[in-house]
Amino acid sequence: MRFATDATLGKLGRHLRTAGFDTLCQHQNRCGDFFNTIDGQRIILTRTMAVRQKFKHRHLLFIRDNDPLRQMMQVVRELGVQPNDLRPFSRCIACNTAIAPLDRDEARGRVPDYVWQRHRAFHRCDSCRRIYWAGSHRQRMGKRLDAIFK
Ligand SMILES: [Zn+2]
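What counts and what doesn't
- Residues numbered from 1 in each chain as written.
- Predicted model: local features only at pLDDT ≥ 70, side-chain atom pairs only at ≥ 80, totals over all residues.
- Heavy atoms only, no water.
- UniProt positions renumbered as here; feature names shortened; annotations may be inferred.
- Helix = DSSP H or I, 4+ residues; strand = E, 2+ residues; numbered from the N terminus.
- Donors = N, O, S within 2.8 Å, 3.2 Å for Na, K, Ca; no water.
- Tetrahedral: all angles 85-135°; square planar, octahedral: opposite > 155°, others 65-115°.
- Buried < 20%, exposed > 50% of the residue type's maximum accessible area, 1.4 Å probe, protein only.
- Pairing = 2+ DSSP bridges.
- Axes fitted to C-alpha atoms, helices over the stretch in contact; angles between N-to-C directions.
- Domains from an automatic or database assignment.
- Contact = heavy atoms within 4.5 Å.
- Buried area = accessible area lost by both parts, 1.4 Å probe.
- Salt bridge = Lys/Arg side-chain N within 4 Å of Asp/Glu carboxyl O.
- Polar contact = N/O pair within 3.5 Å; in protein donor to acceptor, adjacent residues only side chain to side chain.
- Nonpolar A, V, L, I, M, F, W, Y, C, P; charged D, E, K, R; others polar.

Moving on to the UniProt feature "domain: Mut7-C RNAse" (unreviewed entry) in the protein chain. The UniProt record marks residues 1-144 with the feature "domain: Mut7-C RNAse" (unreviewed entry), using the residue numbering of this structure. Helix makes up 35% of residues 1-144 and strand 15%, and the two end C-alpha atoms of the span are 20 Å apart.

This is the structure in structure tokens:
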């Protein structure tokens, strides 16, 4: 399952990437005709009536809620997402690229020292060069993802 979110759903887009879903976000694309440039297999997520109307023949889900976590719940329920569909923390939240393990030695000097000392496992994004590690943010997001399936 792959997604494209409209400009009002940036946080939902980040949640979907955190869960491992390939998600393009309109606000990161300068192209004015964003939804026309993406492939037809992507599910359009929108809160905008004009987008819903314009792309009514495409696979599209109209998001009702204002809260990003409730939006995520709507996606899970209405599109039948299963826990097995998730690949948590496998994708760069900033740029959507799949992240790869990074040797702990190579992470040294590329993350703050206190982070390097406290953590064993690191991942890197080859596209935007961000480094990821399992911190408190990750634990929080993991709990939120678990809660969605309860
Ligand atoms: Zn990245």
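Turning our eyes to something else, we now look at the coordination of the zinc ion. Any two of four tetrahedral donors ideally make an angle of 109.5 degrees at the metal, while pairs among six octahedral donors ideally make 90 or 180 degrees. Around the zinc ion, the protein contributes the donor atoms C92 (SG), C95 (SG), C125 (SG) and C128 (SG), which lie 2.3 Å from the metal centre. One can describe the site at the zinc ion as tetrahedral: its 4 donor atoms subtend angles covering 100 to 119 degrees at the metal. Along the chain, the residues that donate to the zinc ion are spaced as C-x2-C-x29-C-x2-C. One end of the pair, C92, is in the loop between α4 (68-79) and β5 (100-102); the other, C125, is in the loop between β6 (122-124) and β7 (131-133), and 33 residues separate them in sequence.

Attention now goes to the pairing of strand β3 (residues 43-46). Alternating positions in β3 separate into two faces, I43 and L45 on one and I44 and T46 on the other, with burial throughout. Bridge analysis of strand β1 (residues 3-5) against β3 gives 3 bridges, and the strand direction is parallel. Bridging across to β3, F3 finds its partner in I43. In terms of strand pairing, β3 meets strand β4 (residues 60-62) through 3 bridges, oriented parallel. Bridge assignment links I44 to a residue of β4, and that residue is L60.

On to the sheet that holds β7. Reading across from one edge, β5-β6-β7 is the order of the 3 strands in this open sheet, with antiparallel pairing throughout. Across the chains shown, the open sheet's two edge strands, defined by having one partner strand only, are β5 and β7. In this sheet, adjacent strand axes meet at a mean angle of 40 degrees when their direction is disregarded. Where β5 lies against β6, 3 bridges are found, and the strand directions are antiparallel. Within β6, the position partnered with A100 by the bridge is R124.

Next up on the list: the domain arrangement of the protein chain. Annotation of the protein chain at the domain level lists domain 1 (3-85) and domain 2 (100-148). Across the contact, 7 residues belong to domain 1 and 4 residues belong to domain 2. Between domain 1 and domain 2, roughly 540 Å² of surface is buried when both sides are summed, and carbon and sulfur atoms account for 88% of that area. Across the domain 1-domain 2 interface, the total number found is 0 salt bridges. Where domain 1 meets domain 2, there are 0 residue pairs in polar contact (both at pLDDT 80 or more). For the side of domain 1 that touches domain 2, the element with the most residues is α4, which contributes 4 residues. Among the residues forming the side of domain 1 that touches domain 2, the class breakdown is 5 nonpolar, 2 polar and no charged.

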